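Take a look at the letters that make up each chain.
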Amino acid sequence: MAAPAAVAVLLLAVPVLGMLLRVPWARFPALLATEASVDALLLSLRTSLAATALCVLLGVPLALVLARTRWPGQRVVRTLVLLPLVLPPVVSGLALLTTLGRRGLLGARLEALGIDVAFTTAAVVLAQTFVSLPFLVLSLEGAVRTAGHRYEDVAATLGARPTTVLRRVTLPLLLPALGSGTALAFARSLGEFGATLTFAGSLQGVTRTLPLEIYLQRETDPDAALALSVVLIAVAAVIVLATQRGRRRSPGAGGPGAAGEPDDAASAPSPTGVDRRSAPGQAAAGAGPGVTVSFRQAWPDESSPQRAPVAEERSAPARRAPVAEERPAAARRALAATGMPAAARRPAGGGEPAPGASIMVHASVPERGVDLDVELPGGQVVAVLGPNGAGKSTLLGLLSGLVRPGAGTVRIGARTVADDATWVPPHARRAALLAQEPLLLPHLDALGNVAFGPRAGGVPRASADRLARERLAQVGAEALAGRRPHQLSGGQAQRVALARALAPEPDVLLLDEPLSALDVSAAVAMRQVLRTLLRGSGRTAVLVTHDLLDVLAVADAVVVLDGGRVVEQGPALEVLTRPRSAFAARLAGVNLVLGGLAPEGDAVVTGSLALHGLVDPACQAGEQVAATFSPRAVSVHRTPPGGSPRNVVGVTVTGLEHLGELVRVRATTADGHSLAADITPAAVAELSLQHGATVLFSVKAAEVTIFPA
Ligand SMILES: Nc1ncnc2c1ncn2[C@@H]1O[C@H](COP(=O)(O)OP(=O)(O)OP(=O)(O)O)[C@@H](O)[C@H]1O
């Protein structure tokens, strides 16, 4: 490996070194100072700068259109754009000449108007642009694709208007790629030869650029050609180096989860070297009374698409959401002490009542096969559960405004945010999203990220920073304020992202599997932070999760989705103790059989299966009921068991799973009901259980609970 690599380096470096050794350095300044050389150098710089400017002006929109939109013929256009990369420059020049030359398709018409393009300085710029544009488009389009929409989407849910998103998110994210693309375009323009010679000719001071001058001098004064070549090499080297530097510094380079980083935010050394380790609660308390107040972001109260701009709404408090009424007098006084505009503050956390809007979604998204009916009271944490593709993220999208319903209504608190006639965009919904990945803006430090929402809402920098510190303290991450996202571990970054989502005081906090990308210890710590900040806080939060521990830690209520529909919803305790959907039953770790109550009122009947159990008095004969029982209550037999009366069901084993000290035997009945039994490994061996074995499951009636479905 090393040998071919070394040969490759030598192949590239030796000719350059060889040339440098031949340069008559003593005469170097004099060789460059000739009129022809100076003319060529200046012309090259002028035209290359003009071509680069053209590349940026035309290439940035082109890259955005290619990366962000879909239309017929796009592939053909992309191929055309990239063609000059592989065309010999002389062919590019010929194409330009035959089109824009005097006898060309367009050139003849332009000449009739008195405009000559070929063999002018403009032709040089055009030739350079022609060959350089693909470099810029290629680097930028790749970067736009890689970055995707996710940062912009999250920024919008934090209250940033589209122009703010463009200015403070999109452009800064693309800056490194734009920088390297521009540098490459400039370098390519500077070195352009073939297309220029063919289309623009070689007239001193008009079209004879540096490469052309070098080529010419090579015949008459090789030393001057060498000196000019050194200038070109130096400029190219500087540009390449600058590009490399830019890449190294590129904020996206690291990304969260830097190896070896402790996840404990407080374990980060403070700038003063003082150990600031503290629990989230302590940190918040330590922030002092002056910073325990929060604010209400100056989001517009938009309930229809024709709302006035935010700035106008700020000066029209009567049209805002009823913030003041919800705020207790003591909190209002404390808020006044911050000096923030009244409309931009609101109490939250730390014992203060927090915003908690109710939620109503009666909406469908036909292209996703999703049709949801969800109504949730304000101030609760709701866990949304369901198998993959059930529609959980779509529900969050409907609430955040990142997904448009095909039909129906979405309400957050008193505001209709989407229906046939209304569309409130994400930035005006006051529904902040915390995604699976932290998506911290890489060009801002942790403090800047947390202050982003308040700043986007018009809060002055000092107040926004103060609030951001407060929020960071609440998640135990105040010591990380000055760190860039790539200097944070996954868990630290997710805490900062939580602080960021809380900072604008959203009416609804949307959490899309916020722990799923974290390792076990980071997830435990983050779950504790969520519990501290959400449980009993009065905030409305919608938490999409697959994890029972999340439900137990934070959820007041549970909504279970399956196949794009709500299959179950209710208080968390109720859903976990009396699950009515297969998913909730699996999560709660119990067997579930749904059916009708037998006429005798003592068993659930479905197909050929009849299960006797303890029946809730609310059950009515013939009505739909659910029966649940623990897998541990199930015993497995090869032959019918004797003894006390039992439910006995014939099943076929579909799988064996190791489950701590027991083995979970999964099986299906002849009617296709899935059941499970937890038995000892010794019993598995004794029964010689394996996939496909037909056995009997038995469970005492006293172990089966029957309740209304
Ligand atoms: N951008 C999209 N365009 C079209 N269909 C989509 C899109 N995103 C998701 N879907 C489809 O919509 C349905 C619901 O997807 P959704 O992402 O809401 O499910 P989910 O419950 O969040 O799944 P998971 O647990 O895998 O994240 C699925 O059938 C999915 O394939």
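Small disclaimer: the values here were computed from a predicted structure and weren't measured.

Undergrad: Just give me the short version of the overall build of the protein chain, but keep the residues and values in it.
TA: Within the protein chain, the regular secondary structure consists of 25 helices and 21 strands. In the protein chain, which comprises 709 residues, the proportion classed as buried is 49%. Split by element, the accessible area of the protein chain, about 31,600 Å² in all, is 61% carbon and sulfur.

Undergrad: Report on the site of the ligand, specifying residues and quantitative values.
TA: Around the ligand, the neighbouring residues are R368, P387, N388, G389, A390, G391, K392, S393, T394, E513 and H546. Between G389 and the ligand, the recorded distance is 2.8 Å, taken from a backbone N or O atom to an oxygen atom. Considering only residue class, the shell around the ligand consists of two nonpolar, six polar and three charged.

Undergrad: Account for the pairing of strand β9 (residues 557-562), with residues named and values stated.
TA: Of all six residues making up β9, five are buried, and the element is well covered by its neighbours. Pairing between strand β3 (residues 381-385) and β9: four bridges, direction parallel. When the bridges of β9 are listed, V382 appears paired with A557. In the sheet, β9 pairs with strand β10 (residues 565-571) via six bridges, with the strands oriented antiparallel. Bridging from a neighbouring strand, D562 pairs with R565 of β10. In this antiparallel pair of consecutive strands, β9 and β10, the connection spans two residues, and G563 shows a positive phi of 60 degrees.

Undergrad: Which residues make up the packing of helix α8 (residues 150-157) against helix α9 (residues 162-191), and what values go with them?
TA: Running from N to C, α8 and α9 point in directions that differ by 160 degrees, and their axes come no closer than 10 Å. When the axis of α8 is compared with that of α9, the two are roughly antiparallel. Considering only the axes of α8 and α9, their crossing is right-handed. Residues Y151, E152, A155 and A156 of α8 form the contact with α9, whose own contacting residues are V165, V169, T170 and L173.

Undergrad: Before we move on, could you go through the sheet that holds strand β21 (residues 705-708) and cite the residues and values that matter?
TA: With respect to topology, six strands assemble into an open sheet ordered β13-β12-β11-β15-β21-β14, the strand pairing being mixed. At either margin of the open sheet sits one strand with a lone partner, and together these are β13 (609-612) and β14 (614-615). Direction of pairing for strand β15 (residues 624-629) relative to β21: antiparallel, over a ladder of four bridges. The residue bridging A627 from the neighbouring strand is I706, located in β21.

Undergrad: Pulling in residues and values, what's your account of the confidence of the model for the protein chain?
TA: On average, residues of the protein chain score 83 in pLDDT, and 84% of them reach the 70 mark or higher. Low pLDDT, under 50, characterises residues 250-354; the predicted model gives this stretch 223 contacts beyond four residues in sequence or across chains.

Undergrad: An account of the sheet that holds strand β2 (residues 370-376) is requested, with residue identities and associated values reported.
TA: Reading across from one edge, β2-β1-β4-β5 is the order of the four strands in this open sheet, with antiparallel pairing throughout. The open sheet terminates on both sides in strands that have one partner only, identified here as β2 and β5 (415-418). On average, each strand axis in the sheet is tilted by 25 degrees relative to the strand beside it, whichever way the strands run. Pairing between strand β1 (residues 359-365) and β2: seven bridges, direction antiparallel. Note on β2: the bridge partner recorded for M360 is E375.

Undergrad: Which residues make up the UniProt feature "transmembrane region" (unreviewed entry) in the protein chain, and what are the values?
TA: If you check UniProt for "transmembrane region" (unreviewed entry), the listed places come out as residues 42-67, 79-97, 117-140 and 224-242 in our numbering. Across residues 79-97, helical content stands at 89% and strand content at 0%; the span's end C-alpha atoms are separated by 21 Å. Overall, residues 117-140 shows 83% helix and 0% strand. The separation of its end C-alpha atoms is 29 Å.

Undergrad: Can you explain the environment of L83? Please cite residues and give values.
TA: By the secondary structure assignment, L83 is in helix α4 (residues 74-86). Between the C-alpha atoms of L83 and F130, which are 47 residues apart in sequence, the distance is 9.9 Å.

Undergrad: Describe the nonpolar core, listing the residues and the values that go with them.
TA: Grouped together as the largest cluster of nonpolar side chains are 88 residues, with contacts concentrated most on V361, L399, F452, L498, L509 and L511. Among all residues touching V361, those that are not within four sequence positions of it are L372, D373, V374, L395, L398, L399, T409 and V410. Within the second largest apolar cluster, 30 residues are counted, among which are C619, V625, V649 and V695.

Undergrad: Give me the lowdown on helix α3 (residues 35-68), citing residues and values where you can.
TA: The end-to-end C-alpha separation of α3 is 48 Å, in line with the 50 Å expected for 34 residues at 1.5 Å each. At G59, α3 is bent by approximately 30 degrees, the largest bend along its length, and proline P61 sits one to four residues beyond.

Undergrad: Quick one: what's the story with the pattern of salt bridges, residue by residue and with numbers?
TA: Under the criterion given, the structure shown has 19 salt bridges. E152 is the partner of R68 in a salt bridge, and the nearest nitrogen-oxygen pair spans 3.0 Å. Of this pair, R68 sits in helix α3 while E152 sits in helix α8, and the two are 84 residues apart along the sequence. A relative accessible area of 9% places E152 in the buried class. One continuous salt-bridge network, built from bridges that share partners, spans R78, E141 and R145.

Undergrad: Let's hear about the packing of aromatic side chains: which residues, and what values?
TA: Summed over all chains, the structure comprises two aromatic pairs. A centroid spacing of 5.2 Å and a plane angle of 40 degrees characterise the contact between W25 and F28, whose relative ring orientation is tilted. Classification of F28 as buried rests on a relative accessible area of 17%. Across the ring face of W423, the terminal group of R404 is positioned such that the distance to the ring centre comes to 4.1 Å. In this structure, R429 packs its charged tip against the face of W423, placed 4.5 Å from the ring centre.

How each quantity is defined
Residues numbered from 1 in each chain as written. Predicted model: local features only at pLDDT ≥ 70, side-chain atom pairs only at ≥ 80, totals over all residues. Heavy atoms only, no water. Helix = DSSP H or I, 4+ residues; strand = E, 2+ residues; numbered from the N terminus. Buried < 20%, exposed > 50% of the residue type's maximum accessible area, 1.4 Å probe, protein only. Areas by Shrake-Rupley, 256 points an atom, 1.4 Å probe, with all protein chains shown as cover. Near = heavy atom within 4 Å. Polar contact = N/O pair within 3.5 Å; in protein donor to acceptor, adjacent residues only side chain to side chain. Nonpolar A, V, L, I, M, F, W, Y, C, P; charged D, E, K, R; others polar. Pairing = 2+ DSSP bridges. Axes fitted to C-alpha atoms, helices over the stretch in contact; angles between N-to-C directions. Parallel < 35°, antiparallel > 145°, perpendicular 65-115°, else oblique. Left-handed = near helix turned anticlockwise from the far one by under 90°. Contact = heavy atoms within 4.5 Å. pLDDT = per-residue confidence, 0-100. UniProt positions renumbered as here; feature names shortened; annotations may be inferred. Core = buried A, V, L, I, M, F, W, Y, C linked by side-chain atoms within 4.5 Å. Expected span 1.5 Å × (residues − 1). Bend = angle between axes of the 7 residues up to and from the residue. Salt bridge = Lys/Arg side-chain N within 4 Å of Asp/Glu carboxyl O. Phe/Tyr/Trp six-rings, centres within 6.5 Å; stacked < 30°, edge-to-face > 60°. Lys NZ or Arg CZ within 6 Å of the ring centre and 35° of its normal.

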